Amino acid sequence: MTQLQPSRLAGGAFLLLGVLLISISLRSPITGVGPLLDAISAELNLSATQAGMLTTLPLLAFALFSPIASILGRKRGLEQALMMSLVLILIGLIARSLGSSITLFVGTMIIGAGIAIANVLLPSLMKRDFPHKIATMTSMYVLMMGAGSALSASLAIPLANMAETLSISIIPSWAFSLGSLIIFPLIAILVWLPQMGGHTSPAKDTAKLDSHSYLWRSASAWHITLFLSLNSFLMYIFISWLPSILVDNGYSHQQAGMIHGVLQLFTAVPALVLIPLMAKINDKRLLSLGLTSLAFIGIVGLIVMPALAILWAMMFGFGAGGGFILALALMSLRTSNAHQAASLSGMAQCLGYLLAASGPIIMGALHEQTASWQLPLVVCACASVLWSVFAVLASKSEVISESPRGVLSPLINTKQQCQ
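Values in this document were obtained by computation on a predicted structure and should not be read as measured data.

## Comments concerning helix H3 (residues 37-44)
Inference 1: Along H3, the residues that are buried comprise Ile40, Ser41 and Leu44. Relative to the axis of H3, the buried residues are bounded by an arc of 95 degrees and lie together on one face. Opposite the buried face of H3, by more than 90 degrees, sit the exposed residues Asp38 and Ala42.
Inference 2: Backbone geometry just after H3 places Asn45 at a positive phi near 55 degrees.

Printed below as a string of structure tokens:
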């Protein structure tokens, strides 16, 4: 047995490295677009609605492909499904960088499909391969997601400028910048290759396993779903509109971009704090309330004292980033096996990203109607109060029953829209 331990240890380390590299590719293709949006719109003559779709389209893809991901994981196994997600992200990045409006939108949709698969299946992988370190592992891979997000956002303009300096004319400078992100999934694919044979093939009856449809009748499953949904709703509103909000409050475009980058960075910071804490805290309700309250203070601060926007961006980013980590961890902590975790993840992310996709559109429409960001921010503050309620309900410690007593019959029909 002692002779096997080094190889098993090395295999576990390689698996961990693969998970972390996959994580870098799950947000960087999205956050790299924002700083380049004006250049893309000018080059391709996109309307404001079309430009906004570049932010919304990946979220719609997340919602569309999230339920499919758990089925794919059961039929093909987690290793093959995650490799497929990386390949899709790579293909989408290449297509998006070809320089035309058609390939821009098609590539964005393909990227969203690839990210959706990994989003759903990584909690299942945590449940299967790191059952005693779920909270710690979730914090680590979310930290890498945040790091990739901040890196792609901060390098977007410098890479575009470099393309102009080098007189690269085969594709536009913005396309060169977006295309440079292929380095992330490419390295992840190479590192993930050994995992393809690292576990036995799925059992013949894997595809016939219970789809866990009872989750749609479980109050606990809905609490977790709504916790993640409202977290995503608020987060993507701020990812999309914070620079515009700041410019309207007197900040320069450069200052607004810097504060936006700080927000992205602080969504990753909670992982550093939560890695040592999550495993030690059995009752996570107080933690979830603290994180959502911090985000609420950030929103209210932006309303009443926009001169301190960098502080409010830090607080909101920390609260929303920590809430996202906790929501992902709960999908594993409150389920009894990897298949149930994948099904709950598919349910939560389907509805979560549908709601998130609506957020930027709703807030943009409110801003257009009122010519002010005050009402949209007030709506966000109210939504964050509701988010806090579901955060506390979702953070209970008991495992979700396979015969749920809490039945939410009016909501069951929503299942048909996401399957």
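What follows picks up the thread again.
## Focus: unusual backbone geometry
Inference 1: The phi dihedral of Ser167 falls on the positive side, at around 55 degrees, and the residue is not glycine.
Inference 2: Note on placement: Ser167 falls in the loop between helix H7 (134-165) and helix H8 (173-179).
Inference 3: Phi angles above zero are rare outside glycine, and Ala371 is one such case at about 55 degrees.
Inference 4: Tracing the chain through its elements places Ala371 in the loop between helix H14 (338-370) and helix H15 (374-394).
Inference 5: Residue Ala371 is classed as exposed on the basis of its relative accessible area, which comes to 67%.

## With respect to the environment of Met109
Inference 1: Along the chain, Met109 turns up in helix H6 (residues 101-129).
Inference 2: C-alpha of Met109 to C-alpha of Leu54: the two residues are 55 residues apart in sequence and 9.1 Å apart in space.
Inference 3: Every residue in contact with Met109, bar those within four places of it in the chain, is listed here: Leu57, Ala61, Leu64 and Phe65.

## Overview of the packing of aromatic side chains
Inference 1: The tally for this structure, following the rule as stated, stands at four aromatic pairs.
Inference 2: On the basis of an interplanar angle of 25 degrees and a centroid distance of 4.2 Å, the ring pair of Phe238 and Phe316 is categorised as stacked. Remark: Phe316 occurs in helix H13 (residues 309-333) and Phe238 occurs in helix H10 (residues 219-248); sequence separation between them is 78 residues.
Inference 3: On the basis of relative accessibility, which here comes to 4%, the residue Phe238 falls in the buried class.
Inference 4: Relative to Trp373, the ring of Trp241 has its centre 5.3 Å away and its plane inclined at 45 degrees; by these criteria the two rings are tilted. Taken together, the positions of Trp241 in helix H10 and Trp373 in the loop between H14 and H15 put the pair 132 residues apart, joining distant regions of the chain.
Inference 5: The class for Trp241 is partly exposed, based on a relative accessible area of 25%.
Inference 6: Using a relative accessible area of 5% as the deciding quantity, one classes Trp373 as buried.

## Structural notes on the packing of helix H12 (residues 285-304) against H13
Inference 1: One can describe the packing of H12 onto H13 by two numbers: an axis separation of 7 Å at closest approach and a directional angle of 150 degrees. It follows from the interaxial angle that H12 and H13 lie roughly antiparallel. The interaxial crossing formed by H12 with H13 has left-handed handedness. On the side of H12, the interface is formed by Ser288, Leu291, Leu294, Ala295, Ile297, Gly298, Ile299, Gly301 and Leu302, while H13 contributes Ala309, Trp312, Met315, Phe316, Phe318, Gly319, Ala320, Gly322, Gly323 and Leu326.
Inference 2: The residue makeup of the contact of H12 with H13, split by class, is 13 nonpolar, six polar and no charged.

## Notes on the nonpolar core
Inference 1: Core analysis: the biggest nonpolar cluster contains 108 residues, and Leu125, Tyr141, Trp192, Phe238, Leu302 and Phe316 have the highest contact counts within it.
Inference 2: Tallying contributions element by element places H10 first for this core, with 16 residues.
Inference 3: With residues up to four places along the chain from it excluded, the contact list for Leu125 reads Leu15, Val19, Leu78, Leu82, Phe130 and Trp192.
Inference 4: In this structure, Leu36, Leu44, Leu46 and Trp174 belong to the second largest nonpolar core, which totals 12 residues.

Cut-offs and rules
Residues numbered from 1 in each chain as written. Predicted model: local features only at pLDDT ≥ 70, side-chain atom pairs only at ≥ 80, totals over all residues. Heavy atoms only, no water. Buried < 20%, exposed > 50% of the residue type's maximum accessible area, 1.4 Å probe, protein only. Helix = DSSP H or I, 4+ residues; strand = E, 2+ residues; numbered from the N terminus. Arc of directions from axis to C-beta. Contact = heavy atoms within 4.5 Å. Phe/Tyr/Trp six-rings, centres within 6.5 Å; stacked < 30°, edge-to-face > 60°. Axes fitted to C-alpha atoms, helices over the stretch in contact; angles between N-to-C directions. Parallel < 35°, antiparallel > 145°, perpendicular 65-115°, else oblique. Left-handed = near helix turned anticlockwise from the far one by under 90°. Nonpolar A, V, L, I, M, F, W, Y, C, P; charged D, E, K, R; others polar. Core = buried A, V, L, I, M, F, W, Y, C linked by side-chain atoms within 4.5 Å.

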